[in-house]
Amino acid sequence: TTNSQGGGNNETIQQWLKSRNVSIQFQAAHQQPPSSSKRKHHVFQMPLASIERVEKVLSSSQSSPLSSNSANGVGGGGGGGYSYTNNLLPSSNAASSAMSQLGNQMKPLTGLVAGIAANSGGGGGSSNNLLMDNGSNSNGGPSSSSSVLATSGPLGIIIHGKDGGRWIKFSTSSYTDAARAHEALNTYAFPGRRNLGYLFAFESRRLEVMASSGAAGSGQQQQQRGGGDGGNPIATATPPTRRRFLAMEEFTRQGIVKSAGGGGVTHSSPWTVIHANTKNYGLCSSYPSVLVVPRSIVGSDDGNNFEGSGMGILRRCAAFRSENRFPVLTWGSSEHGGSIWRSSQPKVGLQGYRSTEDERYLYAIGEEAKRANLAADARAEGGVGSGSSVGRYPKEFLRMLCGRNNESDLIMEGSNSSCMLKIMDMRPKSAAMANRTQGYGYENTNYYRGSTINFYGIGNIHAVRDAYQKVHALCLNPNTSDIQWMQLVENTNWPSMTRLILSASWQTAFHVHCNRLPILLHCSHGWDRTSQVSALAQLMLDPHYRTCEGFSALVEKDFLSFGHPFHTRCGHGEGKNEQGGDEGQLSPIFLQFLDCVFQLVNQFPNFFEFNARYLLLLSENIYSCRFGTLLCDSEREREVVAGIRQRTYCMWEYLDSLPDLVNPLFNKAANDDAGVLMMPLSMLLRNVTLWTDRLCMYGAKATTPCLPPGTELDRHSTLHTSGDETADSLKRAVSDTNMWKETALSALKEVEELKKKIAKNEGENE
């Protein structure tokens with residue numbers, strides 16, 4: 001709040017501008033007590049990159065809502081939308097370097113502040129910070145309702161966001177202001193795929209990059225912004241940010257690569273690391289440069305002989321798979337043959353084409369895993385074993401874990417006991433069969449010896465986008481029935497999709513851990529549903545990935561390095577319909593993954609080093625383009641074409657700098673000892689809940705406790721699913737334990753005194 005006479009400080013506004021959490025801003029903005037002597041301001045952040053489209057509004061279409069809400073400034077149009085009159089106050093303290101021109105264009109209309117350059121390294125500089133007046137027009141300007149009714153033509157704009165379906169509406173009495181603002185926003189919010197250098201992630205570090213490269217003049221600056229498709233757009237001496245996923249270090253940690261001079265057991269791994277994709281990513285452009293394949297396939301070539309027989313098999317396998325994404329390992333056990341492999345769908349087609357190399361390759365995976373399991377049994381028994389039950393779980397315990405969910409496939413007995421490789425197709429079987437008309441399809445297990453295949457019914461990107469839009473429309477609608485809330489949420493299909501993904505992930509982890517099987521995951525292209533299920537299964541299997549450092553490495557490995565197309569799915573730098581006649585390939589796949597991670601963190605908070613606030617802040621930066629971490633579609637684009645790590649700041653460094661995102665109850669030693677997080681499947685699925693803090697962030701109705709006017713907002717009160725309450729509960733439990741301990745000790749002392757008195761009386765009687 002600032003003094004209505006002017007001259008007041010902007011400390012509260014600046015605090016909101018620099019706030020890390022949009023939900024905190026909304027809570028703080030709406031809980032300020034009304035006062036006749038003070039003017040209330042609202043600060044909402046919508047990053048330029050998260051704008052989906054900018055719409056001009058005609059006077060006839062906006063006169064009614066604006067005239068009805070001109071007194072309050074915030075009004076109707078449905079949940080998630082905010083209408084503002086032309087009584088907008090520009091901030092005198094705002095500083096901007098990258099988007100100052102846009103700020104000047106927008107000031108007559110909105111008082112727009114485009115970023116805070118001072119915090120660009122890890123601060124909040126990517127957003128359009130809108131300062132709204134919620135009182136009367138102190139400058140004596142004309143009211144919006146009268147000017148709207150008196151003027152024809154576009155007199156305002158509506159900014160539609162990609163994130164959450166929210167919109168913000170502005171009005172002005174000048175057609176020129178509306179046109180200039182519309183043009184400026186379209187210019188800077190939608191630079192296009194070939195001009196990503198204008199995104200804030202690049203602009204925030206531009207001066208540092210240019211200074212280190214020694215470039216000067218407009219020519220070099222244009223080269224910096226242009227990008228193009230060939231090579232690193234600018235040579236710079238700027239030190240790159242640290243990669244969290246380093247292939248050799250990660251696979252050494254998993255036990256696939258044996259460290260030199262390491263002690264302990266040195267049994268050989270059935271898998272081997274190859275560098276066949278380092279040569280300009282020629283084997284598969286959407287895969288990482290370092291890959292893991294069966295040792296028996298490459299033999300003595302070790303994957304480094306690009307003309308060897310092993311490379312020939314890999315090339316033919318890649319040619320038989322969509323986008324050349326042949327099966328490669330992403331996680332393997334150091335003790336047995338249980339492992340997770342990923343690929344894309346095979347090119348089977350209606351004619352039922354085969355590839356002997358692909359069949360041989362998958363058989364080699366099963367054979368190598370079987371040998372590793374026999375070796376594990378031998379080490380456990382002290383001799384050669386043959387699939388014994390040493391270290392296996394009892395069948396009754398496994399049935400309890402499964403909870404009658406797909407037991408015939410999960411429990412390996414009878415006909416299932418001969419399975420050496422499990423193929424898990426994430427698609428519905430009908431969709432996999434339909435893809436045969438396009439030359440693709442799924443594996444015919446009659447040709448793949450020792451393999452079985454199952455389908456898990458997870459919807460494609462279009463189904464995910466539709467469900468996301470439905471759940472957001474429900475959360476933003478102020479007229480949603482609260483009595484039928486759970487039924488309405490289920491009808492959006494968002495929770496059921498979450499359960500399908502968690503179920504497939506759990507079954508993957510179950511097969512790897514309990515049945516010690518190699519699992520091949522794929523969907524259509526192997527970079528959406530496959531990435532989700534693979535990463536979630538590894539969260540359950542490997543305690544390292546449940547730490548902050550490990551989770552960032554997991555995301556970099558299974559999403560960034562293995563080619564999840566962030567740019568295509570998020571539309572960075574592109575507005576709606578720029579990819580085609582409809583929404584094309586846009587889909588919130590990574591946000592859906594974070595929702596699934598939230599379900600695990602919410603149910604088992606003490607198994608994770610990070611908390612729900614960590615996931616919330618991470619989700620807010622998917623569309624913001626504030627950092628370069630989630631830009632581009634593949635490792636090749638980030639490292640070779642765009643030079644992301646040299647030209648942008650790292651999101652992980654920013655998250656690691658915030659102590660509030662760390663779970664204070666996390667015990668790393670206890671987590672490592674616990675190992676696999678294998679809960680009953682029914683427990684996991686039945687406790688799935690709506691991620692209210694994220695999906696209802698811009699909702700019209702309260703989802704957190706409302707504080708009385710004048711009460712200071714506690715920053716922890718904005719999350720209804722945080723771990724802070726758990727810490728308080730434990731403190732109370734410890735206090736109660738100490739109290740009862742003292743009570744018991746005092747009672748024990750009284751008993752001892754009574755015993756002494758009784759003994760004394762008995763002695764006297766004798």
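Residues numbered from 1 in each chain as written. Predicted model: local features only at pLDDT ≥ 70, side-chain atom pairs only at ≥ 80, totals over all residues. Heavy atoms only, no water.

S.K.: Explain the overall build of the protein to me, and be specific about the residues and the numbers.
M.R.: Helix and strand content of the protein: 31 helices and 16 strands. Burial analysis of the protein (766 residues in total) assigns 54% to the buried set. For the protein, long-range pairs separated by at least 24 residues make up 75% of all intrachain contacts whose partners lie at least 6 apart in sequence. Counting only carbon and sulfur atoms, one obtains 50% of the accessible surface of the protein, whose full area is about 31,800 Å². (Helix = DSSP H or I, 4+ residues; strand = E, 2+ residues; numbered from the N terminus. Buried < 20%, exposed > 50% of the residue type's maximum accessible area, 1.4 Å probe, protein only. Contact = heavy atoms within 4.5 Å. Areas by Shrake-Rupley, 256 points an atom, 1.4 Å probe, with all protein chains shown as cover.)

S.K.: Quick rundown of a nonpolar patch on the surface? Include the residues and the values.
M.R.: Taken together, the side chains of Tyr393, Phe397 and Met400 make up a nonpolar region of the molecular surface, amounting to roughly 270 Å² of accessible area. With respect to the helices, strands and loops of the structure, Met400 is situated in helix α14 (residues 395–402). (Patch = residues over 30% accessible without salt bridge, like charges linked within 9 Å, V, L, I, M, F, W, Y side chains within 5 Å. Salt bridge = Lys/Arg side-chain N within 4 Å of Asp/Glu carboxyl O.)

S.K.: Hey, could you go over the packing of helix α20 (residues 529–541) against helix α23 (residues 589–603) for me, with residue numbers and the actual values?
M.R.: Here α20 crosses α23 at 20 degrees, and the two axes come no closer than 10 Å. Relative to α23, α20 is oriented roughly parallel. The crossing of α20 and α23 is right-handed. Counted together, Gln532, Ala535, Leu536, Leu539 and Met540 of α20 and Ile589, Gln592, Phe593, Cys596, Val597 and Leu600 of α23 form the full contact between these two elements. (Axes fitted to C-alpha atoms, helices over the stretch in contact; angles between N-to-C directions. Parallel < 35°, antiparallel > 145°, perpendicular 65-115°, else oblique. Left-handed = near helix turned anticlockwise from the far one by under 90°.)

S.K.: Report on the packing of helix α21 (residues 548–561) against α23, specifying residues and quantitative values.
M.R.: Across the interface, α21 lies against α23 with an axial gap of 13 Å and an inter-helix angle of 140 degrees. Crossing hand, α21 versus α23: right-handed. In contact with Phe551, Val555 and Phe559 of α21, α23 contributes Phe590, Phe593, Leu594 and Val597.

S.K.: Explain unusual backbone geometry residue by residue, including any values.
M.R.: For Asn280, which is not glycine, the phi dihedral falls at a positive 60 degrees. Along the polypeptide, Asn280 turns up in the loop between β10 (271–274) and β11 (291–294). For Asn280, a relative accessible area of 53% corresponds to the exposed category. The phi dihedral of Tyr281 falls on the positive side, at around 50 degrees, and the residue is not glycine.

S.K.: Describe the sheet that holds strand β12 (residues 328–332), with residues and values.
M.R.: Spatial ordering of the open sheet is given by β12-β13-β16-β14-β15, a layout of 5 strands whose pairing is mixed. Every interior strand has two partners, whereas the edge strands, β12 and β15 (451–455), have only one. Here the strands of the sheet are splayed against their neighbours by 25 degrees on average, with no regard to which way each runs. Note: strand β13 (residues 339–342) against strand β16 (residues 518–522), 4 bridges, orientation parallel. Bridged to Ser339 within β16 is Pro518. In the packing of α20 onto the sheet, contacts are made with β12, β13 and β16, and the angle to β13 comes to roughly 165 degrees. (Pairing = 2+ DSSP bridges.)

S.K.: Run through the side chain of Ser50, naming residues and quoting values.
M.R.: Relative to the elements of secondary structure, Ser50 occurs in the loop between β3 (41–47) and β4 (51–58). Those residues in contact with Ser50 that sit more than four places away from it in its chain are His160, Gly161, Lys162, Asp163 and Tyr623.

S.K.: Explain the pattern of salt bridges to me, using residue names and the numbers behind them.
M.R.: Two side chains that carry opposite charge are able to pair once their charged atoms sit near each other. As enumerated under the stated definition, the model contains 25 salt bridges in all. Arg354 is paired through a salt bridge with Glu359; the nearest N and O atoms lie 2.9 Å apart. We classify Arg354 as partly exposed; its relative accessible area is 48%. Overall, the relative accessible area of 10% leaves Glu359 in the buried class. With a closest N to O distance of 2.7 Å, Asp425 and Arg427 form a salt bridge.

S.K.: Could you give an account of the confidence of the model for the protein, with specific residues and numbers?
M.R.: Residues of the protein with pLDDT of at least 70 account for 69%, and the chain-wide mean is 76. This stretch, residues 29–42, has a pLDDT under 50; its non-local contacts, to residues over four places away or in other chains, come to 37 contacts. In the model, residues 84–151 has pLDDT below 50 throughout and makes 164 contacts with residues more than four positions away in sequence or in other chains. (pLDDT = per-residue confidence, 0-100.)

S.K.: An account of the nonpolar core is requested, with residue identities and associated values reported.
M.R.: Grouped together as the largest cluster of nonpolar side chains are 96 residues, with contacts concentrated most on Trp506, Phe551, Phe590, Phe593 and Leu615. Counting residues per element, this core draws most heavily on α23, at 10 residues. Setting aside its immediate chain neighbours within four residues, Phe593 contacts Gln532, Ala535, Leu536, Phe551, Val555 and Phe559. Residues Phe245, Val273, Ala318 and Leu520 belong to the second largest nonpolar core, which totals 41 residues. (Core = buried A, V, L, I, M, F, W, Y, C linked by side-chain atoms within 4.5 Å.)

S.K.: So, the environment of Met248: which residues are in play, and what are the values?
M.R.: Mapping Met248 onto the fold places it in helix α10 (residues 247–254). By relative accessible area, Met248 is classed as partly exposed at 35%. Sequence separation between Met248 and Leu291 is 43 residues; the distance between their C-alpha atoms is 9.7 Å. Dropping the residues within four chain positions of it, Met248 is found in contact with Val257, Val273, His275 and Val290.

S.K.: Describe the packing of aromatic side chains, listing the residues and the values that go with them.
M.R.: A full pass over the atoms with the stated rule returns 22 aromatic pairs. With 5.6 Å between their ring centres and 50 degrees between their planes, Tyr468 and Trp494 make a pair best called tilted. Of this pair, Tyr468 sits in helix α17 (residues 461–476) while Trp494 is found in helix α19 (residues 494–513), placing the two residues 26 residues apart along the sequence. Each member of the pair, Tyr468 as well as Trp494, carries the same accessibility label: buried. Among the aromatic residues, those joined into a cluster by ring pairs are Phe551, Phe559, Phe566, Phe590, Phe593, Phe608, Phe610 and Tyr614. Lying over the aromatic face of Tyr447, Arg354 brings its terminal NZ or CZ to 3.9 Å of the ring centre. The aromatic ring of Tyr363 is capped on one face by Arg449, whose charged end is 3.9 Å from the ring centroid. (Phe/Tyr/Trp six-rings, centres within 6.5 Å; stacked < 30°, edge-to-face > 60°. Lys NZ or Arg CZ within 6 Å of the ring centre and 35° of its normal.)

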